[in-house]
Amino acid sequence: MSETLPLRLVLASASPARLKSLKAAGIEPDVLVSGVDESLVVTERAEELCLELARLKAQAVLTRLSPGADQRTLVIGCDSVLAFDGEILGKPADSADATRRWQRMRGRSGVLHSGHCLIDVTAGRRAEAVASTTVHFADISDDEIAAYVASGEPLAVAGAFTIDGLGGPFVERIEGDPGTVIGLSMPLLRRLLAELGLQLTDLWTKVAPGGQSVEPLGNVRS
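1. Side note on the overall build of the protein
For the protein, the helix and strand inventory stands at 6 helices and 9 strands. Considering only C-alpha atoms, the protein reaches an extent of 60 × 40 × 25 Å along its principal axes. In the protein, which comprises 222 residues, the share counted as buried stands at 44%. Taking all contacts inside the protein whose residues are at least 6 apart in sequence as the whole, residues at least 24 apart take part in 68%.

Have a look at this one:
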């Protein structure tokens, strides 16, 4: 494979938080939403569930790609779930569900698992793993729960919370990588890239002054 083959990353997710995390790390991915029906996967293990869903999302997008010979294409699929009180919690069904969850979670702890599946389309290889972070929730009041749920944010995220938005003040502390809670662990992505013979710096881009263009900084070596 050419040492200067341009590298393309496709994010198989509609999550603005995942996209923001990649951009903050100097990566400008293409975005293709997988459309995977998450209810199709049933398991009692949170780690297995999030990894299988991440795998399905990446594979669903893979089938819609037509990689050219002039670039090396990667697809990253991610999925997150919260393990709490022996239950697996994805996105709440509705506002009432989100309210009940927060009434249970406040003042207690859960583990947020994020599955990552990275597929090297060009080389026909795959690397995958789960990142897990313990989350300690604040003992918030009923009024705070009502206001947070009314904002709509808890309805759009796994576990009915996130730390990079309105829910940040309601999390006392975490044990692990904050990116896991947001939905994409950059340290884990770095390790998965290494399994495929790549460095995260190969994906770095540089935006020209004024944002007129994006110039690749890293090259694929082999």
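Having seen the model, we can carry on.
2. Some thoughts on helix 1 (residues 16-24)
Buried residues of helix 1: A17, R18, S21 and L22, and no others. Angularly, the buried residues of helix 1 cover 135° about the axis, an arc narrow enough to put them on a single face. Along helix 1, the residues that are exposed and aim more than 90 degrees away from the buried face are P16, K20 and A24. At its buried positions, helix 1 is contacted by strand 1 (7-11), strand 3 (72-84), helix 5 (178-182) and helix 6 (186-195).

3. Comments concerning unusual backbone geometry
Of note in this structure, D85 is not a glycine but carries a positive phi near 55°. The exposure class assigned to D85 is partly exposed, which follows from its relative accessible area of 45%. Backbone geometry at A160 places phi at a positive 70°, although glycine is not the residue there. Its place among the elements puts A160 in the loop between helix 4 (142-151) and strand 7 (171-175).

4. Remarks on the pattern of salt bridges
Any two side chains of opposite charge can pair, so long as their charged atoms come close to each other. Counted according to the given criterion, the structure contains 14 salt bridges. The residue E52 makes a salt bridge to R55 at a minimum N-O spacing of 2.3 Å. Highlighted residues: E52 and R55, both in helix 2 (residues 46-62), separated by 3 residues, approximately one helical turn. Taking the shortest distance from any N to any O, the salt bridge between R101 and D97 comes out at 3.4 Å. Within this pair, R101 and its partner D97 are both found in helix 3 (residues 95-105), separated by 4 residues, close to a single helical turn. Overlapping salt bridges bring together E52, R55, R126 and E128 as one network.

5. Focus: the packing of aromatic side chains
This model, assessed by the stated rule, comprises 5 aromatic pairs. Seen from their ring centres, W102 and F137 are 5.4 Å apart, and the 75° between their planes marks the pair as edge-to-face. Linking W102 in helix 3 with F137 in strand 6 (residues 125-137), this pair joins segments that are 35 residues apart in sequence. Summarising the aromatic geometry, the rings of W102 and Y148 are spaced 5.8 Å apart at their centres and angled 85° between planes, so their arrangement reads as edge-to-face. On the criterion of sequence distance, the pair formed by W102 in helix 3 and Y148 in helix 4 is long-range, its members being 46 residues apart. These aromatic residues form a ring-pair network of at least three members: W102, F137, Y148, F161 and F170.

The rules behind the values
Residues numbered from 1 in each chain as written. Predicted model: local features only at pLDDT ≥ 70, side-chain atom pairs only at ≥ 80, totals over all residues. Heavy atoms only, no water. Helix = DSSP H or I, 4+ residues; strand = E, 2+ residues; numbered from the N terminus. Buried < 20%, exposed > 50% of the residue type's maximum accessible area, 1.4 Å probe, protein only. Contact = heavy atoms within 4.5 Å. Arc of directions from axis to C-beta. Salt bridge = Lys/Arg side-chain N within 4 Å of Asp/Glu carboxyl O. Phe/Tyr/Trp six-rings, centres within 6.5 Å; stacked < 30°, edge-to-face > 60°.

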